[in-house]
Amino acid sequence: MASKYRNFRNSVPWLLLFLEAVFIILFYFFFSGVDVITSDFHTAFQDVSHMVIFGFGFFLSFLKRYGLSSIGFNLLIVVLGVQWSVLIEGFLFLSHSAKEDYLRSIIKAAVSVTAVVISFAAILGKANPVQLVVMTIMEIAAFHVSRWINNMYLQIADSATMMHVHLFGAYFGLAASCSFPALQPSSEKNADTPTSSLLSVLGTLFLWVFWPSFNSALAVEKKNGIIYSTYFALAVSAVTAFALSVLTTKDGKLSMAHIHRATLAGGVAVGYAADSIQYPWIAMILGLLATVIAILGSHFLQRSLPPAIKIRDVSGVHFTFGLPAVLGALAHLILYII
């Protein structure tokens, strides 16, 4: 055990200090003298920050052996990823367009780093800090390149490309989890406690409250409509999660694992299509379908898969973020065509 701590001390601090030095130098040469544009993004900045740091931090604290490290590493991923994301955003996008408000660029970076946080949920308890830092650097770069391709060649709106963080993060994390050994259901590493479960549900509540602001943070038009649609999608998602939880458990009791994961599925699904939704009943249907996919998918699909292709998903990101995001992308395509 002592050797592991020595390796931790010899690798992690120097890697972090090296990256921070590189970031400072890059900001000095490429971001000095950028005009600060007066804007009204303060509320959105606060809401997105609370959601990413507090919401996802507590959301990932359900494993008793990794509760504190989940919260701490989540903060490390966010603050490191935001700096790197702002740099890549400037290199790929702002060099060919008008200069952007500092505050808006931080909001976009915080939204982008959500993809890494979701991927972190898929490998929770498996990766060491060095692997997490490397994953943060690589995934944010890949996410921005994907956005750049969508903007330049597919002519997809910037707000829509930002909302595919859920899809990108879920499947990037699931792909990365295949490189790690699976946690056994009976393993102590896969166990929880009443306290860790309570903190995780607290994170779910944070995410639920701030999700409408997250979906509308970068919207220039129809911001109120996006908040309106997202709230009703989340509301229907939560009600459906309670109902299906009782129907799918053996003893007919509520499963907090279902509430913990499925109440957010509606917010994920509606994120893609929120600016295209004109009536609240469309958002409510999306919230209903997303929760059905999240609960019934985890209840039946995961059990029916053969062992050779079992999804190594510690936190259920495939059913909380992945499949609802696919549903939202399809809904966005249908609404765009109509």
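Residues numbered from 1 in each chain as written. Predicted model: local features only at pLDDT ≥ 70, side-chain atom pairs only at ≥ 80, totals over all residues. Heavy atoms only, no water.

(A) The overall build of the protein chain, seen in detail. Check the secondary structure of the protein chain and you find 13 helices and zero strands. Reading the protein chain from its N terminus to its C terminus gives the helix and strand order α-α-α-α-α-α-α-α-α-α-α-α-α. Counting every position in the protein chain, which comprises 338 residues, the buried fraction comes to 49%. Residue pairs at least 24 apart in sequence account for 80% of intrachain contacts in the protein chain once pairs closer than 6 positions are excluded. Approximately 16500 Å² of the protein chain is accessible, and the part contributed by carbon and sulfur atoms is 69%. (Helix = DSSP H or I, 4+ residues; strand = E, 2+ residues; numbered from the N terminus. Buried < 20%, exposed > 50% of the residue type's maximum accessible area, 1.4 Å probe, protein only. Contact = heavy atoms within 4.5 Å. Areas by Shrake-Rupley, 256 points an atom, 1.4 Å probe, with all protein chains shown as cover.)

(B) Representation of the nonpolar core. Core analysis: the biggest nonpolar cluster contains 66 residues, and V111, W211 and F321 have the highest contact counts within it. Of all the elements, helix α4 (residues 102–122) adds the most residues to this core, at 13 residues. Among all residues touching V111, those that are not within four sequence positions of it are V48, M162, M163, V165, F214 and L218. (Core = buried A, V, L, I, M, F, W, Y, C linked by side-chain atoms within 4.5 Å.)

(C) Quick look at the packing of α4 against helix α7 (residues 165–177). Close contact between α4 and α7 brings their axes to 7 Å; oriented N to C, the two are set at 35 degrees. Where α4 crosses over α7, the two elements pack in a sense that is right-handed. Only V165, H166, F168, G169, A170, F172, G173, L174 and S177 of α7 make contact with α4, whose side of the interface consists of V111, S112, A115, I118, S119 and A122. Residue classes in the contact of α4 with α7 are distributed as nine nonpolar, six polar and no charged. (Axes fitted to C-alpha atoms, helices over the stretch in contact; angles between N-to-C directions. Left-handed = near helix turned anticlockwise from the far one by under 90°. Nonpolar A, V, L, I, M, F, W, Y, C, P; charged D, E, K, R; others polar.)

(D) Summary view of the packing of α4 against helix α5 (residues 129–152). Close contact between α4 and α5 brings their axes to 9 Å; oriented N to C, the two are set at 125 degrees. With respect to each other, α4 and α5 are oriented oblique. Pair α4 / α5 crosses with right-handed handedness. Here α4 contributes K108, S112, V113, A115, V116, S119 and F120 to the contact with α5, which in turn contributes L132, M135, T136, E139, I140, F143, H144 and R147. Of the residues assigned to the contact of α4 with α5, the class counts are eight nonpolar, four polar and three charged. (Parallel < 35°, antiparallel > 145°, perpendicular 65-115°, else oblique.)

(E) Structural context of a nonpolar patch on the surface. A contiguous nonpolar surface patch, about 570 Å² in accessible area, is contributed by V145, I149, M152, Y153, L154 and I156. Of note, L154 is situated in the loop between α5 and α6 (158–162). In this structure L154 comes out as exposed when scored by relative accessible area, which is 52%. (Patch = residues over 30% accessible without salt bridge, like charges linked within 9 Å, V, L, I, M, F, W, Y side chains within 5 Å. Salt bridge = Lys/Arg side-chain N within 4 Å of Asp/Glu carboxyl O.)

(F) Summary view of the packing of aromatic side chains. Using the criterion set out here, one finds 16 aromatic pairs in the structure. Both rings, one in Y28 and one in F29, keep their centres 5.1 Å apart while their planes meet at 85 degrees; by these two values the pair is edge-to-face. A relative accessible area of 58% places Y28 in the exposed class. Classification of F29 as exposed rests on a relative accessible area of 61%. On the numbers, 6.5 Å between centres and 20 degrees between planes, the contact of F58 with F206 is stacked. (Phe/Tyr/Trp six-rings, centres within 6.5 Å; stacked < 30°, edge-to-face > 60°.)

(G) Focus on the side chain of H258. Considering the arrangement of structural elements, one finds H258 in helix α10 (residues 256–262). For H258, the residues in contact, after removing those within four places along its chain, are S245, T248, T249, T263 and I295.

(H) Seen up close, the environment of I293. Here I293 is to be found in helix α12 (residues 280–304). By relative accessible area, I293 is classed as partly exposed at 27%.

(I) Structural detail: the pattern of salt bridges. One pass over the structure, following the stated rule, counts two salt bridges. Between E89 and K108 there is a salt bridge, and its shortest N-O distance comes to 2.8 Å. On the criterion of sequence distance, the pair formed by E89 in helix α3 (residues 67–92) and K108 in helix α4 is long-range, its members being 19 residues apart. A relative accessible area of 4% places E89 in the buried class.

(J) Highlighting helix α13 (residues 317–337). Here α13 contains 21 residues, and its C-alpha end-to-end distance of 29 Å stays within 8% of the 30 Å for a straight helix at 1.5 Å per residue. What α13 keeps buried is the set V317, H318, F319, T320, F321, G322, P324, A325, L327, G328 and A331. (Expected span 1.5 Å × (residues − 1).)

(K) How the structure looks around helix α8 (residues 194–216). Taking 1.5 Å as the rise per residue, α8 with 23 residues should run 33 Å; its terminal C-alpha atoms sit 34 Å apart, in good agreement. In the structure, α8 departs most strongly from a straight axis at F210, where the bend amounts to approximately 50 degrees and where the proline P212 lies between one and four residues downstream. Looking only at α8, the buried set comprises S196, S200, G203, T204, L207, F210, W211, P212, S213, F214, N215 and S216. (Bend = angle between axes of the 7 residues up to and from the residue.)

(L) Layout of the side chain of S237. As for its placement among the helices and strands, S237 is situated in helix α9 (residues 223–248). A polar contact of 2.9 Å, which involves the side chain of S237, links it to the backbone oxygen of A262. Each residue touching S237, except ones within four places of it in the same chain, is listed here: A262, T263, L264, A265, G266, G287 and T291. (Polar contact = N/O pair within 3.5 Å; in protein donor to acceptor, adjacent residues only side chain to side chain.)

(M) Inspection of the environment of S49 at higher detail. Looking at the element boundaries, S49 is found in helix α2 (residues 42–59). Here the alpha-carbon distance between S49 and V78, two residues 29 residues apart in the chain, equals 9.3 Å. Separated by 2.9 Å, the side chain of S49 and the backbone oxygen of F45 make a polar contact.

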